[in-house]
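Notes for the structure review
Take a look at the letters that make up each chain.
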Amino acid sequence: MTDTPRPCPPTKPESVPDHPLLARWQRLSRAGLDHSRAHRPLPALIRHDEATQVARQLLDLPVGEVVDDHRVAAFIVAHLNLAGCHVDLGQTASAAQCLQAAWQDLTHRLHDDTAPAALQGAIGRQLHHLLAAQRELPGPASRPAGSHAAVSKPPPPVEAQASRWPGRRLQ
């Protein structure tokens, strides 16, 4: 384990909408967290990679199927957890690449004129979590260009790995 600062777990919203992809993402994320807590980094990496793929599917859903803040939070938390697994394995460059890829995907959607305004708003409220995680990576991590998004209180649907970034709190 590294001494990398990591975010505290977000609080789970009281009423997360039932959607099969969101439920699958939650199961995979929890399985990854269980593996991480049991010091099994490779199975954790596999589960978090799968959770990231499901989170991308959530992000690509049509408007209205899942609350925009929930699907953006799932996407961000999945990438934070996956990057954390890379850090645990001593793969800081891979962790930085994971966070950078998520940053690029979300900023592309944020500036895409065809993206739904509600999704862009959710991205704008939550993008700062990726920036903060990139800045807290050990060693020379690449940081995205751009400004900070407005801080809000979106409800992430499942916890990020609490042991990863204790100084941060996903809101």
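Keep in mind it's a predicted model, so treat the numbers as computed, not measured. (Residues numbered from 1 in each chain as written. Predicted model: local features only at pLDDT ≥ 70, side-chain atom pairs only at ≥ 80, totals over all residues. Heavy atoms only, no water.)

Quick notes on the confidence of the model for the chain
Worth spelling out the cut-off: Confidence of the prediction at every residue is given by pLDDT, a number between 0 and 100. Contacts are residue-level and defined by heavy atoms, with any inter-residue pair within 4.5 Å sufficient.
Averaged over all residues, the pLDDT of the chain equals 78, while 71% of them reach at least 70. Predicted confidence for residues 1–16 stays below pLDDT 50, and this span has 63 contacts to residues more than four positions away or in other chains. Low pLDDT, under 50, characterises residues 141–171; the stretch is placed with 125 contacts to residues that sit more than four places away or in other chains.

Here's the deal with the packing of helix 4 (residues 92–110) against helix 5 (residues 117–126)
Operational definition: Note on method: axes are straight lines fitted to C-alpha atoms, helices fitted across the in-contact stretch only, with angles between N-to-C directions ranging 0 to 180 degrees. In DSSP terms, a helix is any run of H or I states spanning at least four residues, a strand is any run of E spanning at least two, and both are numbered starting from the N terminus. Convention used here: angles under 35 degrees read as roughly parallel, angles over 145 as roughly antiparallel, angles from 65 to 115 as roughly perpendicular, and any remaining angle as oblique. Each helix crossing is assigned a hand: it is left-handed if the near helix lies turned anticlockwise from the far helix by less than a right angle, otherwise right-handed if that turn is clockwise. Lys, Arg, Asp and Glu make up the charged group, whereas Ala, Val, Leu, Ile, Met, Phe, Trp, Tyr, Cys and Pro make up the nonpolar group; the residues left over, Gly among them, are polar.
It is the contact of helix 4 with helix 5, at a shortest axis distance of 9 Å, that shows an interaxial angle of 135°. If you check the angle between helix 4 and helix 5, you find them oblique. Once helix 4 is placed against helix 5, the crossing between them reads as left-handed. Residues Leu106, Arg109 and Leu110 of helix 4 lie in contact with helix 5, whose contacting residues are Gln120, Ile123 and Gly124. Class assignment for the residues of the contact of helix 4 with helix 5 results in three nonpolar, two polar and one charged.

Some details on the side chain of Gln126
So the rule is basically this: In this scheme, a residue with accessible area under 20% of its type's maximum is buried, one over 50% is exposed, and one in between is partly exposed, where area comes from a 1.4 Å probe on protein chains only. We call two N or O atoms a polar contact when they sit within 3.5 Å, provided that within protein one can donate a hydrogen and the other can accept it, with sequence-adjacent residues counted only if both atoms are side-chain atoms.
The topology assignment puts Gln126 in helix 5. A relative accessible area of 2% places Gln126 in the buried class. From its side chain, Gln126 meets the backbone nitrogen of Ala73 in a polar contact 3.4 Å long.

Here we look at helix 2 (residues 41–59)
Rules: Each residue after the first adds 1.5 Å to the expected span of a helix.
For helix 2, which comprises 19 residues, the first-to-last C-alpha distance of 26 Å matches the rise-based estimate of 27 Å (1.5 Å per residue) to within 8%. Within the sequence span of helix 2, burial applies to Ala44, Leu45, His48, Ala51, Thr52, Val54, Ala55, Leu58 and Leu59. Turning to helix 2, the residues buried within the fold contact helix 1 (20–37), helix 3 (68–88), helix 4 and helix 5.

Some words on the environment of Ala44
Following the sequence through the fold, Ala44 ends up in helix 2. Ala44 gets classed as buried once you look at its relative accessible area, which sits at 0%. Residues Ala44 and Asn81, 37 residues apart in the sequence, show an inter-C-alpha distance of 9.0 Å. Non-local contacts of Ala44, meaning those with residues more than four positions away in its chain, are made with Gly32, His35, Ser36 and Cys85.

Considerations on the nonpolar core
Rule in force here: Here, nonpolar core refers to any group of buried Ala, Val, Leu, Ile, Met, Phe, Trp, Tyr and Cys residues whose side-chain atoms link them within 4.5 Å.
Counting residues in hydrophobic clusters, the biggest one holds 39 residues, and the most contacted among them are Trp25, Leu58, Val72, Leu99, Leu106 and Leu130. Contributions of two or more residues to this core are made by helix 1, helix 2, helix 3, helix 4, helix 5 and helix 6 (128–136). Examining the composition of this core, we find that 11 residues originate from one element, helix 3, more than from any other. Excluding residues within four positions of it along the chain, Leu130 makes contact with Ile76, Leu99, Ala102, Trp103 and Leu106.

Digging into the pattern of salt bridges
Worth spelling out the cut-off: Definition used for salt bridges: Asp or Glu carboxyl oxygen within 4 Å of a side-chain nitrogen of Lys or Arg.
With the rule as written, the count across this model stands at seven salt bridges. With a closest N to O distance of 3.8 Å, Arg37 and Asp34 form a salt bridge. Residue Arg37 and its partner Asp34 are located together in helix 1, separated by three residues, close to a single helical turn. The shortest N-O distance in the salt bridge between Arg71 and Asp68 comes to 2.8 Å. Here the residue Arg71 and the residue Asp68 both occupy positions in helix 3, the gap between them amounting to three residues, near one helical turn. Of the two residues, Arg71 and Asp68, neither departs from the other in class, the shared state being buried. Residues joined by salt bridges that share partners form a network here, namely Arg56, Asp60, Asp105 and Arg109.

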